[in-house]
Structures are given as C-alpha cells and as structure tokens.
Amino acid sequence: MLPKPDDIVDRDEDWEILERFARPSPIGTPGSGVAALAGRRRTGKSYLLKHFTVATGGFYFEARLEETLAEAQERFRKELITYDPSRAAELSALSVAAYDTWDWLLKIAMDATFSRSEGNRIPPVVIDEFPYLLRDTPDLQSIVKSIYDTSSFRRGEPGKPGLWIGYYDRLIEGRMLLCGSAMSVIHELGHGSRPLFGRLTFKLTMDPFDHVDMARFWGIEDRRVAFTLFAALGGAPGYRNPLLQLTGLPIPQTMEELDAWLADALLRPRPDFFTEDEIDRLLREDPRITDKDIYRQAMKAISEGNTTLTKIGGAIGRSKDETDGIVARLVAMRYVEEWRDLLRPRDYLFRLNDPIVRFHHAVVESRMRDLVRGVTTPEDAWRDAQQSFRSQVIGPAFEQTATWSAFRLLYNRTDLGSDGWALVPDPANRTTHEVDYIGLAHNTSGRPKGSTITAIGETKATERPRGLKDLERLRHIRALLAKDHKAENAILAIFSMHGFSEHLRQAAKEAPDEIALYDLDDIYSYREPSF
C-alpha cells in the first residue's frame, strides 16, 4: 500500500483508487491501462495528482489552454527528456506540430514510465487538463485507444503473419491517467460513441470538500463561521491560499472577522472582482464553450428564480431547444444542478450549484458599478447585501448541507433507502408545498402514489429559532402525503441553523419517535473534524 502524504486532507478513497490503478494486473496479463479523473477547478485535483506522480515515480504533464499544438508537443518532449534523459536522441528526432507526433510521444512516455516499474507499482503517465489537447488534436482519444489496443491483438511484423497496428511493433505496457477540469469532456470519455468505450479502468470524479473537511482544512473551529464561509466559497480547497494572499488577513475565526474578510476578499475590485474573474475561468474550463456570455446569462436567470427551461429561455431570449443545450452543458459542468421531484421524477427544476456563482449573482454583481466608482465601500456594500446573502446564499447552502447530512443523521432512527425533495399539492388551500426532504423506505421507489415515506424534513436558515408552527406545517404535509402514500408513520425532521424554541424542544422530548430536531452542531458532528 502506497501511503498518502500527510499534507493531503481527506481524499483517502481517491488515493486508494489511484494506488490500485498503479498496481500490476493480479493475473499477470500484460498490456496498458487507461483511466480518467475529473475535478473542477480549485478542488485540489492537480495537487493530488502531482503528489501521486511523485510517490509512484511517474511522469506528469499539464496541458495549457493557450498553447498551440507545436508548443504543447515541444514542452511535452522537453519534460519527457528531463524525466528520462536516455530518450533524448529518440525524442529530438521527432518533428512537432504534427498530429501523429502524439502517437510517438505517448508511446515513448509509456515505455519510459513502465521501465521504472518495480515490485507492486507501475509508474503512470498523467496528462492533466487533457481536454485542452483535444482542441488541436480531436483524434487524440483514438491515439490513446490504439495504445491500449496493442494488448488485445497478436503482434506481428510488416509483411509477416500477425497484426500490425500503426507503427507499433511491440506490446505497449504501462498506465495512463487522463485528467481535466472540463467535467463534461472527461465524463464523456468512454461513452458508447467514443473511441475509449469499454477501455477505461475507471472514471473518477474528485469533488470539493464537504462542510466538515472544509472547516478542518481552513482550521476554523466556530461552526457558524465555518458554515458561512462554506456557503460563500464552497469546499474547493484552492480558494484558501489565493484569497489569504489577496487580503493579507488571517483566517477568520469570529463572525466579526469573517464579515471584514469577505468584504475585503470578494467585494474589493483589484483591478477586477474575484468572483467575476472566477466565473470567467470556470467557463474557460470547457474548451468547447465559445460564447461565455450566454452561459453567464443562463446562470443569472436561474439565480433570479427562473428554474424551468421555459422560464430560463424566456429570460435569455432563446428557444427551449437552445436553452436545453445551454443548461445541459452547465449541469455537466456542475455549475447548475437538476433537481428531480422524488415522487414525480418527470418533474424537475434547475438551481445554481456552485457557491461562487451564487455569491456573485446575489451579492457582487448588482454592487459592482458603485464599488468601481467609489460610490460605496466594500464594507458598506457587504452590510447592504445581508438580506440577499442570507436568502440566496446561506439559505440554499444550508438546505443542501442539511439534506445531504439528513440521511446519515436519520438512518438509525427510521428505515431509509433513498431520499430527495418533492412538491406536494394542497388543493384545499390552493397551493403547493415544496418539501426540502423526503425519505423513502428500502422496499419502495418514488412515484406519484403508493410510496412508503419514512421521513419528511424542512430546513430553515432564518435567524430565529424554529417553533411549533414549523411542526404543524410538517404534520399537515404528512397528512396530505398520506392520502396517496404510506406516510402516516413518517418521522418529522426540522433542521435549523439558529436553534429551536423551548416549546418545540419539549414537543420533541415528548414524542421522540415522531419528531427529530437538528441544528448546526448536529450537521457538523456526524463526522467530527480533528483540528
């Protein structure tokens, strides 16, 4: 087992998957292995991969969006010569700016790394930001396929019995890991219509930290401070060091320090706003996006409450079919999330999924002009933004975090097999209730009628303790659901960022099998961080 470096927070499962990939075949079958890893910008993907490459003795190459074909191949050649000087003559003989040069470069890289294999470890060739190379070499996936396929056929020589594949005259062995921040491109590798279909050992997605690991990574013990910062930035670890350098301020440990820190970090133009620049960089991750403005407009429309394709299309002036393609790309990039109704899977809404995007549209964008002109200060703008910050940033973040934690918190209290959210019609009151959390039993599935509902939950981030009215609302919703589902015994869970009234606490104490109350401490303590 290859030990994970101490300075890598969490990522135990990711490291184990990578470590297994670098092992020889357990049945001794020769040949190459190819795998893919996706991770959005600033999740620490490159940091992990560089450490893994060093630990295994592999070769790491990071593509650059602005490079031409010739520049990328020339840099790959130079870095490979540095990695293995004995290949200098062979590599120097290659011409650059030719598509088939990638065949030779990758073959030599695989051979160079495989020659360093020892014991239970095969050093990999790691190509980070692989999608950037596809811009100038669209058939690069086919080149990788041909390298993999040399293990699938009987080898031969030209003019003699046997199969001759390209100009490879022998079996190519080793490991190749294709990585990138363009989530949609990496996820499409290995699809049925793609050259690498059926050939990838795995496709792994490296997610940002959850709220617990984010607090641990930043070293923040106060949970309200940690969560508020998590709501603004999300769990991408790559934001910490740049923003600390940008502000010159220490990591905030109190709410007062956090207010000053967020105003300085995210609301001060230097010369551009951090959130504005970050959205531009996020959209650049996918090299297929040429019109960034329409994607910005779509995200802005969603932030303003347009959550269906029809409404989004109306806001951006595009047809439903055009809007479908735009939103689908944002979903694939994980900046927008598709929320399907658990009880009516055909019904769905779109919501912003990326915290930086949410923060920009809720807090920064409408105040940018005044900040640039000096009409207001970052501190005043931040005070003015508190209501929109709470409703459009804190509220969605708490709902996501609470409902994500709900399964673990409720699992030992009731029968839980799957969960989600739902819209519950209330004909008598001519309204529809949006239910933040619905839990189903193991033996059932979500459908308009006949599901076994075991949990019904509500999340509230508003700055007042939740009370008996919240309980009565959930009881009313449970009664509505019981008309079409087995829901009469469903536990009622209330998640509050600011606690509960004494009356509600007393009700929960008297009916522990019916009522479950969870606050911010509970949401963090299901897996206690170690500082």
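Given the structure is predicted, the values throughout are model-derived calculations rather than measurements.

J.: Help me understand the sheet that holds strand E10 (residues 453–460), please; the structure alone is not making it clear to me.
T.: Backbone hydrogen bonds are what pair the strands of a sheet, in a parallel or an antiparallel way. One open sheet holds the 5 strands; their spatial order is E8-E9-E10-E11-E12, and the pairing between them is mixed. What marks the edges here is a single partner per strand, and that holds for strand E8 (418–426) and strand E12 (515–518). Averaged over all pairs of adjacent strands, the angle between their axes in this sheet comes to 30°, without regard to strand direction. Here helix H22 (residues 502–510) sits on the sheet and contacts strand E11 (491–496) and E12; the angle it forms with E12, its principal contact strand, is near 130°.

J.: Explain the layout of surface pockets here, please?
T.: The space that makes up the largest pocket amounts to roughly 1,400 Å³. For the lining of the largest pocket, the element with the most residues is helix H20 (residues 386–410), which contributes 6 residues. The residue inventory of the lining of the largest pocket, partitioned by class, reads 21 nonpolar, 9 polar and 18 charged. At the level of elements, helix H2 (45–56), helix H11 (240–247) and helix H13 (274–284) are the ones that each hand at least two residues to the lining of the second largest pocket. Here the lining of the second largest pocket gets 4 residues from one element, more than from any other, and that element is H2.

J.: Could you clarify how one ought to interpret the side chain of His361 in this entry?
T.: Within the secondary structure, His361 is located in helix H17 (residues 355–364). In this structure His361 comes out as buried when scored by relative accessible area, which is 12%. A distance of 3.3 Å separates polar atoms of two side chains, one belonging to His361 and the other to Glu365. Residues contacting His361, with those up to four places away along its chain left out, are Arg296, Met299, Lys300, Ser303 and Leu352.

J.: Just to check I follow, could you spell out the pairing of strand E4 (residues 174–180) for this structure?
T.: Looking down a regular strand, the side chains alternate between one sheet face and the other. With 7 of 7 residues buried, E4 is to be regarded as a mostly interior element. Relative to E4, strand E3 (residues 124–128) is paired through 4 bridges, and the arrangement is parallel. The residue of E4 that forms the bridge with Pro124 is Arg175.

J.: Help me understand the environment of Ser86, please; the structure alone is not making it clear to me.
T.: Counting through the fold element by element, Ser86 comes out in the loop between helix H3 (69–83) and helix H4 (88–92). Owing to a relative accessible area of 62%, Ser86 belongs among the exposed residues under this scheme. For the pair Ser86 and Asp522, spaced 436 residues apart in sequence, the C-alpha to C-alpha distance is 58 Å. Here the side chain of Ser86 touches Asp84 through a polar contact of 2.5 Å, side chain to side chain.

J.: How do you make sense of unusual backbone geometry when you look at a structure like this?
T.: What you tend to see is this: most non-glycine residues have negative phi, and most peptide bonds are trans. Positive phi, normally seen in glycine, also occurs at Asp10, with a value near 60°. Of note in the backbone geometry, Glu129 takes a positive phi value of approximately 55° without being a glycine. Mapped onto the secondary structure, Glu129 falls in the loop between E3 and helix H6 (130–134).

Reading guide: rules and limits
Residues numbered from 1 in each chain as written. Predicted model: local features only at pLDDT ≥ 70, side-chain atom pairs only at ≥ 80, totals over all residues. Heavy atoms only, no water. Pairing = 2+ DSSP bridges. Helix = DSSP H or I, 4+ residues; strand = E, 2+ residues; numbered from the N terminus. Axes fitted to C-alpha atoms, helices over the stretch in contact; angles between N-to-C directions. Contact = heavy atoms within 4.5 Å. 1 Å grid on protein atoms, 1.4 Å probe; cavity = no way out; pocket = protein on both sides within 12 Å on 5 of 7 lines; lining within 4 Å. Points joined across faces, edges and corners; volume = space filled by probe spheres on them. Nonpolar A, V, L, I, M, F, W, Y, C, P; charged D, E, K, R; others polar. Buried < 20%, exposed > 50% of the residue type's maximum accessible area, 1.4 Å probe, protein only. Polar contact = N/O pair within 3.5 Å; in protein donor to acceptor, adjacent residues only side chain to side chain.

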